[in-house]
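Spelled out, the chains give:
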Amino acid sequence: MRVAYVAPTTEIAAVAESGICPGYLISIPQVLEAARMHPWWERGLLRDRIGDAPSALLCDCLDVLQAESSSCEARAMERTSEGHDRR
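Only a predicted model underlies this, so the values are computations on that prediction, with no experimental measurement involved.

(A) The arrangement of the overall build of the protein in detail. Along the protein, the regular secondary structure elements total five helices and zero strands. Mapped in sequence order, the helices and strands of the protein form the string α-α-α-α-α. Counting only residues that meet the buried cut, the protein has 18% of its 87 residues in that class. Relative to all contacts within the protein whose residues are 6 or more apart in sequence, the contacts with residues 24 or more apart total 52%. Here the protein has roughly 6300 Å² of accessible surface; of this, 58% comes from carbon and sulfur atoms.

Below, the structure written as structure tokens:
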């Protein structure tokens, strides 16, 4: 199921900066689709999955998702190396 895009860029940015619950963020259709398409994008198979070139908005959402995922991973690694997250 493909989601029709409505220009949500400012809505997504405002919610992300406000500290609102991640559960709400993933309920935004554009965020949900980017999260679902991310594994395909990472493997270089996005065009095969969607059957066409991705929209500019989907590309932007994937870029933001990748940047934030990398940022979270870096913070987790920092905490682990500092001994804050010993499990």
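Back to the write-up after that little detour.
(B) Spatial organisation of the environment of Arg43. Mapped onto the fold, Arg43 is located in the loop between α3 (29-42) and α4 (46-50). Engagement of the side chain of Arg43 in a polar contact is seen with the backbone oxygen of Pro39, the distance being 3.1 Å.

(C) Looking closely at helix α5 (residues 56-81). The terminal C-alpha atoms of α5 lie 37 Å apart, and with 26 residues this matches the ideal 38 Å at 1.5 Å per residue to within 8%. Among all positions of α5, only Leu57, Leu58, Cys61 and Leu62 are buried.

(D) Quick peek at the nonpolar core. Counting residues in hydrophobic clusters, the biggest one holds eight residues: Ala34, Met37, Leu46, Ile50, Leu57, Leu58, Cys61 and Leu62. Considering each element in turn, this core owes the most residues, four residues, to α5. Not counting residues up to four positions away in its chain, the partners in contact with Cys61 are Gln30 and Ala34.

(E) Representation of the side chain of His38 within the structure. Mapped onto the elements, His38 comes out in helix α3. Look past the residues within four positions of His38 in its chain and what remains in contact with it is Leu62, Leu65 and Gln66.

(F) The arrangement of the confidence of the model for the protein in detail. For the protein, per-residue confidence averages 78 on the pLDDT scale, and 75% of positions sit at 70 or higher. For residues 3-7, every residue scores under 50 in pLDDT, and the model assigns this stretch ten contacts once sequence neighbours within four places are set aside.

(G) The arrangement of the environment of His38 in detail. With a relative accessible area of 10%, His38 lands in the buried category. For the pair His38 and Leu65, spaced 27 residues apart in sequence, the C-alpha separation works out to 8.0 Å.

(H) Molecular detail of α3. Taking 1.5 Å of rise per residue, 14 residues should cover 20 Å, and α3 covers 20 Å from first to last C-alpha, within 8% of that figure. Most pronounced at Arg36, the bend in α3 amounts to some 35°, and the proline Pro39 follows within four residues. Listed as buried for α3 are Gln30, Glu33, Ala34, Met37 and His38.

(I) How the structure looks around the packing of α3 against α5. Interhelical geometry of α3 versus α5 gives an angle of 75° and a closest axis separation of 9 Å. The angle between α3 and α5 places the two elements in the roughly perpendicular class. Across the interface between the two elements, Gln30, Glu33, Ala34, Ala35, Met37, His38, Trp41 and Glu42 of α3 pack against Leu57, Leu58, Cys61, Leu62, Asp63, Leu65 and Gln66 of α5. Here the residues of the contact of α3 with α5 sort into nine nonpolar, three polar and three charged.

Procedures and definitions
Residues numbered from 1 in each chain as written. Predicted model: local features only at pLDDT ≥ 70, side-chain atom pairs only at ≥ 80, totals over all residues. Heavy atoms only, no water. Helix = DSSP H or I, 4+ residues; strand = E, 2+ residues; numbered from the N terminus. Buried < 20%, exposed > 50% of the residue type's maximum accessible area, 1.4 Å probe, protein only. Contact = heavy atoms within 4.5 Å. Areas by Shrake-Rupley, 256 points an atom, 1.4 Å probe, with all protein chains shown as cover. Polar contact = N/O pair within 3.5 Å; in protein donor to acceptor, adjacent residues only side chain to side chain. Expected span 1.5 Å × (residues − 1). Core = buried A, V, L, I, M, F, W, Y, C linked by side-chain atoms within 4.5 Å. pLDDT = per-residue confidence, 0-100. Bend = angle between axes of the 7 residues up to and from the residue. Axes fitted to C-alpha atoms, helices over the stretch in contact; angles between N-to-C directions. Parallel < 35°, antiparallel > 145°, perpendicular 65-115°, else oblique. Nonpolar A, V, L, I, M, F, W, Y, C, P; charged D, E, K, R; others polar.

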